[in-house]
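Letter by letter, the chains look like this.
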Amino acid sequence: MIILGLESSADKLGVGIIDSNGQILANLRKTYKPPQGSGVLPREAAEHHAKNIPHLIRDAFEKANLIPEEIDLIAFTRGCGMGPCLRVAAVAARTLSKMINKPLIGVNHQIGHVEISRLFTGLEDPIVLYVSGGNTQIIGFMEKRYRVLGETLDIPVGNCLDVFGREAGLSNKEMPMGRVIELLAEQTDEYIELPYVVKGMDLSFSGILTAAKRLLKKGIPIPVLANSLQETVFAMLTEVTERALSHTKKEEVTITGGVAANKRLKEMLRLMAEEHGAIFKGIPTSISIDNGVMIAWAGYLMWSTGYKPNKRDILVDQHFRIEEVEVTWR
Ligand code: AMP
Ligand code: MG
């Protein structure tokens, strides 16, 4: 079976093709760049995706050496995400499905992240730390559903890094803001205390951001702040992931989302896992940042275990939560 996956929930447009053995045939992406100094503008991002989706789909077929009729299933991200952005992939998927007369399946974005991580790490039942520009969640499988065991109470951790970077006047066309901050943080071991906010299993990043911005205005060197910010927010994420691991008595940990590219965060998680006799494994950035392949793979898992979409399933849902989906494939 060959599956096409379309993802457009935020600033990235992804088109992926995977087969039912888990072999990636194409994984193409195009990223919307907001105006200098601004965050993602949903309508502009949606326009970017709408403009690029026809040729990105064509390029993916070319890369996979396939014609559209050879696809067996079309999967798209139903949510969560930004409404105008989500609608681009949904409309394209619906249109293509009608054109080639192939089934359509709407997929939860988080399930895409979790399942592609399981496929590529080979981990059976991991605690998944999902950290991106739009999400911060600690996810685990329990009683036929993925459960959010902990999450941010305000802004996502990637957003915290991005806003701090913009305030500090950092920007780089070649790399994401989190990577710019990571490189600056590597320049120093100096650390300034910032608020550390873990409430039970949940986290809060907005107070830390405010404090870091205040210290920036006071003239604290940017690398020192970058290092302090990373050490603080990553320690918080590691603490909650650790608690999820001991509560659930699971023995595996993985990480996904754009922030999963960060070496320091992965090092902290690896050390924590080792202390618990657990295994930590990361995945390549090409499949941990938003991508179409993860949607295709999750769509395949749903489809192949008897999931029959109803009318509601082909509509986008900005607030679609991972717990809403009954996991039929585990
Ligand atoms: P996503 O929302 O999954 O597309 O991921 C984008 C987020 O990942 C943005 O907040 C980026 O700044 C962040 N990011 C990308 N690379 C890194 C890195 N090396 N370290 C920390 N954050 C990163
Ligand atoms: Mg994502």
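Structure report, in brief.

Rules used in this analysis
- Residues numbered from 1 in each chain as written.
- Chains lettered and ligands numbered in written order.
- Predicted model: local features only at pLDDT ≥ 70, side-chain atom pairs only at ≥ 80, totals over all residues.
- Heavy atoms only, no water.
- Near = heavy atom within 4 Å.
- Polar contact = N/O pair within 3.5 Å; in protein donor to acceptor, adjacent residues only side chain to side chain.
- Helix = DSSP H or I, 4+ residues; strand = E, 2+ residues; numbered from the N terminus.
- Nonpolar A, V, L, I, M, F, W, Y, C, P; charged D, E, K, R; others polar.
- Core = buried A, V, L, I, M, F, W, Y, C linked by side-chain atoms within 4.5 Å.
- Buried < 20%, exposed > 50% of the residue type's maximum accessible area, 1.4 Å probe, protein only.
- Contact = heavy atoms within 4.5 Å.
- Donors = N, O, S within 2.8 Å, 3.2 Å for Na, K, Ca; no water.
- Salt bridge = Lys/Arg side-chain N within 4 Å of Asp/Glu carboxyl O.
- Pairing = 2+ DSSP bridges.
- Axes fitted to C-alpha atoms, helices over the stretch in contact; angles between N-to-C directions.

### Concerning the site of ligand 1
Step number 1: In the region of ligand 1, 17 residues are neighbours, and K12, G133, D162, G178 and E182 sit closest.
Step number 2: In this structure, G158 approaches ligand 1 through a main-chain N or O atom, which is 3.2 Å from an oxygen atom.
Step number 3: In this structure, G178 approaches ligand 1 through a main-chain N or O atom, which is 2.8 Å from an oxygen atom.
Step number 4: If you list the elements that add at least two residues to the shell around ligand 1, you get α4 (157-167) and α5 (177-185).
Step number 5: Here the shell around ligand 1 gets 4 residues from one element, more than from any other, and that element is α5.
Step number 6: The residue inventory of the shell around ligand 1, partitioned by class, reads 5 nonpolar, 7 polar and 5 charged.

### A word on the nonpolar core
Step number 1: Formed by 49 residues in total, the largest nonpolar core has its most connected members in V131, F164, F205, L229, L237, I255 and L265.
Step number 2: The element best represented in this core is helix α7 (residues 222-248), accounting for 10 residues.
Step number 3: In this view, I255 contacts S117, L129, V131, A260, L265, K266, L269, F280, K281, G282 and I283; residues no more than four positions away in its chain are not counted.

### Points about the side chain of T77
Step number 1: Tracing the backbone through its elements, the reader meets T77 in strand β4 (residues 73-79).
Step number 2: Among the polar contacts made by the side chain of T77, one reaches the side chain of E7 at a distance of 2.6 Å.
Step number 3: Excluding residues within four positions of it along the chain, T77 makes contact with L6, E7, S8, S9, L86, V107, H109 and I295.

### Describing the coordination of the magnesium ion (ligand 2)
Step number 1: The coordination sphere of the magnesium ion (ligand 2) contains the protein donors H109 (NE2), H113 (NE2), Y130 (OH) and D290 (OD), at a distance range of 2.0 to 2.3 Å.
Step number 2: Spacing between the donor residues of the magnesium ion (ligand 2) along their common chain follows H-x3-H-x16-Y-x159-D. Here Y130 lies in strand β6 (residues 127-131) and H109 lies in helix α3 (residues 109-121), a separation of 21 residues in the sequence. In this pair, the class of H109 matches that of Y130, namely buried.

### Focus on the pattern of salt bridges
Step number 1: Applying the stated criterion to the full structure yields 11 salt bridges.
Step number 2: Across the pair R179 and E182 runs a salt bridge, and its minimum N-O distance is 2.9 Å. On the criterion of helical spacing, the pair formed by R179 and E182 is a turn pair, its members being 3 residues apart in helix α5.
Step number 3: Taking relative accessible area as the criterion, R179 reaches 29% and is therefore assigned partly exposed.

### What about the sheet that holds strand β2 (residues 12-19)?
Step number 1: Read across the open sheet, the 5 strands follow the order β3-β2-β1-β4-β5; overall the sheet is mixed. Where the open sheet ends on each side, the last strands, each with one partner, are β3 (24-31) and β5 (104-108). Each adjacent strand pair in this sheet contributes to an overall mean axis angle of 20°, direction not counted.
Step number 2: In this sheet, β3 lies alongside β2 in antiparallel orientation, the contact comprising 7 bridges.

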